[in-house]
There are 2 protein chains.
Amino acid sequence: MYEIYETKERITADNDKEAAKNRANLKEKKVFLVNLMASPGAGKTTTLVRTIKAIKDDYRVAVMEADVDSDVDAETVHQLGVKVIQLHTGGLCHMDADMTQRALAKMGIDDVDVVFLENIGNLVCPAEFDVGAAKKVMILSVPEGDDKPLKYPLMFQVSDLLLINKIDTKAIFDFDEERCAQYVHQLNPDMKIIPLSARTGEGFEEWIAWLRAAIEEWRND
Amino acid sequence: MYEIYETKERITADNDKEAAKNRANLKEKKVFLVNLMASPGAGKTTTLVRTIKAIKDDYRVAVMEADVDSDVDAETVHQLGVKVIQLHTGGLCHMDADMTQRALAKMGIDDVDVVFLENIGNLVCPAEFDVGAAKKVMILSVPEGDDKPLKYPLMFQVSDLLLINKIDTKAIFDFDEERCAQYVHQLNPDMKIIPLSARTGEGFEEWIAWLRAAIEEWRND
């Protein structure tokens, strides 16, 4: 038992150093990396597909699909004509900085402007590992419930932006946006929240505007 | 990196021994432990509440609520008048056999027949740790999508029963029950699947019948 904790701490300390290296390297090359995190089935891939369609004429986009197994999402994204690499974590529940570094090297980033890392569907472990992204974006979907910030606080604390997906199903589920925002802001007072629907496109204008501004800031800073 | 894997394996080996001990002890005391696993927001607590109401006149029920943080679910369950203990894993993404053993001892099981362990909302890590339960029950909810067996195979491999929750929202989401069942049975040919809705009560008759039969088999075997 204790050994798990110790190993974890050591790895996390190393991880932060590796993450900082990744971030510096990406900054130098003006590549904007987004660490996209969510529960299983929150709509990471669907959100990604619509997002790529919205920006791919202006930026050279690449996607790193992290999965415990399967290539389902890589296939979906590949059809958009963007660069994509499928990462299999071999059972591991998150991506860390070292894995991300190796994945970026393997994929190659000399010909890309924006990289989306679709992390493993998990609200717990990915929150603990900085991968060196420019921005951490998390998706919470309406059917999961508005109390999730109480139950998975770290994810909400470390993220830069919260997308509330499947907002078109709000009427069906007992999801109180205001209550959710209160929980979120108790943990992360500056967290920007954008409700959207990857299915209908509602809210995407605001999300894409946020993303474009973040990319430009990263490149010009 | 490599150290993580090694440590994990060693711990898992120890974990299996501890899990076997738990199972033998529970068997001797005729206490039926259910390890209930699902994604965040799949409806574990809502399903549990309706389940407890259905069986609490016949069995002395207790609940162990595992959370990274917060007592939300324990409060909800406590209102049903059953024994409940809140477990905080302190950031850990799953319950293991040792933690379960200590939690059972702390709560006391001399006055209970059935214990539900509501595991951390996570489809990856809890699947790797046998806690010594009589049955592993997993919940997949319709909004998560029918492709989840492809993406989180281990959870579907190790579980004894799959409850497909929020089945009342099937028409809204593109959820194909037949396709989901095919994916599941490729991983776990004997897996029993019961679609239900913890909100409307649809499907509960079948689930409660399965549960009662499993409890009786455990006690009389």
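See the structure above.
For the structure given in this document, a descriptive report is provided here. Predicted, not measured: the structure shown is a model, and the values here were computed from it. (Residues numbered from 1 in each chain as written. Chains lettered and ligands numbered in written order. Predicted model: local features only at pLDDT ≥ 70, side-chain atom pairs only at ≥ 80, totals over all residues. Heavy atoms only, no water.)

1. Quick word on the packing of helix 2 (residues 44-55) of chain A against helix 8 (residues 204-220) of chain A
Residue and element names in this part refer to chain A.
Here is step 1: Their axes nearest at 11 Å, the elements helix 2 and helix 8 cross at an angle of 65°. In terms of axis orientation, helix 2 runs roughly perpendicular to helix 8. Between helix 2 and helix 8 lies a crossing whose hand is right-handed. When helix 2 is examined against helix 8, the residues Thr-47, Arg-50, Thr-51, Ala-54 and Ile-55 are found in contact with a partner set consisting of Phe-204, Trp-207, Ile-208, Leu-211 and Arg-212.
Here is step 2: Across the contact of helix 2 with helix 8, the residue classes tally to six nonpolar, two polar and two charged. (Axes fitted to C-alpha atoms, helices over the stretch in contact; angles between N-to-C directions. Helix = DSSP H or I, 4+ residues; strand = E, 2+ residues; numbered from the N terminus. Parallel < 35°, antiparallel > 145°, perpendicular 65-115°, else oblique. Left-handed = near helix turned anticlockwise from the far one by under 90°. Contact = heavy atoms within 4.5 Å. Nonpolar A, V, L, I, M, F, W, Y, C, P; charged D, E, K, R; others polar.)

2. Comments concerning the interface of chain A and chain B
Here is step 1: On the chain B side, the residues contacting the 47 residues of chain A number 46 residues.
Here is step 2: Both faces considered, chain A and chain B share a buried interface measuring about 3700 Å² in area, 61% of it formed by carbon and sulfur atoms.
Here is step 3: For the interface between chain A and chain B, the tally reads two salt bridges.
Here is step 4: B:Asp73 is the partner of A:Lys151 in a salt bridge, and the nearest nitrogen-oxygen pair spans 2.3 Å.
Here is step 5: Residue assignment for the side of chain A that touches chain B shows that the elements contributing at least two residues are helix 1 (2-28), helix 3 (72-78), helix 4 (97-107) and helix 5 (148-151) of chain A.
Here is step 6: Here the element with the most residues in the side of chain A that touches chain B is helix 1 of chain A; it accounts for seven residues.
Here is step 7: Class assignment for the residues of the side of chain A that touches chain B results in 20 nonpolar, ten polar and 17 charged. (Buried area = accessible area lost by both parts, 1.4 Å probe. Salt bridge = Lys/Arg side-chain N within 4 Å of Asp/Glu carboxyl O.)

3. Observations regarding the packing of aromatic side chains
Here is step 1: All chains considered together, the criterion is met by five aromatic pairs over all chains.
Here is step 2: Ring geometry for B:Phe32 versus B:Trp218: centroids 6.4 Å apart, planes at 75°, classification edge-to-face. A residue pair is termed long-range when its members are at least 10 positions apart, and B:Phe32 in strand 1 (residues 32-38) and B:Trp218 in helix 8 (residues 204-220) qualify at 186 residues.
Here is step 3: Its relative accessible area of 1% is what places B:Phe32 among the buried residues.
Here is step 4: Pairing B:Trp207 with B:Trp210 gives two aromatic rings, centres 6.1 Å apart and planes at 25°, and the pair type is stacked. With a gap of three residues between them, B:Trp207 and B:Trp210 both fall in helix 8, about one helical turn apart. Residues B:Trp207 and B:Trp210 agree in their burial class; the two are buried.
Here is step 5: Here the basic side chain of A:Arg199 rests over the ring of B:Phe173, its NZ or CZ set 5.9 Å away from the ring centre.
Here is step 6: One cation-aromatic arrangement involves B:Arg50 over B:Phe204; the distance from NZ or CZ to the ring centre is 5.7 Å. (Phe/Tyr/Trp six-rings, centres within 6.5 Å; stacked < 30°, edge-to-face > 60°. Buried < 20%, exposed > 50% of the residue type's maximum accessible area, 1.4 Å probe, protein only. Lys NZ or Arg CZ within 6 Å of the ring centre and 35° of its normal.)

4. Describing the sheet that holds strand 3 (residues 83-88) of chain A
Residue and element names in this part refer to chain A.
Here is step 1: On the basis of which strands lie adjacent, the open sheet formed by seven strands has the order 3-2-4-1-5-6-7 and parallel pairing. The sheet is open, and its two edges are formed by strand 3 and strand 7 (192-195), each paired on a single side. Mean inter-strand twist for the sheet, computed between neighbouring axes without regard to direction, equals 20°. (Pairing = 2+ DSSP bridges.)

5. Quick notes on the relation of the copies chain A and chain B
Copy one and copy two of the chain differ by a rotation about a common axis and a shift along it.
Here is step 1: Rotating chain A by 180° and moving it 0.0 Å along the rotation axis overlays it on chain B with an RMSD of 0.0 Å. The superposition operator between the copies reduces to a two-fold rotation axis. Nearest to the rotation axis, the C-alpha of A:Asn122 is located 3.0 Å from it, this being the minimum over chain A. (Least-squares fit on C-alpha atoms with pLDDT ≥ 70 in both.)

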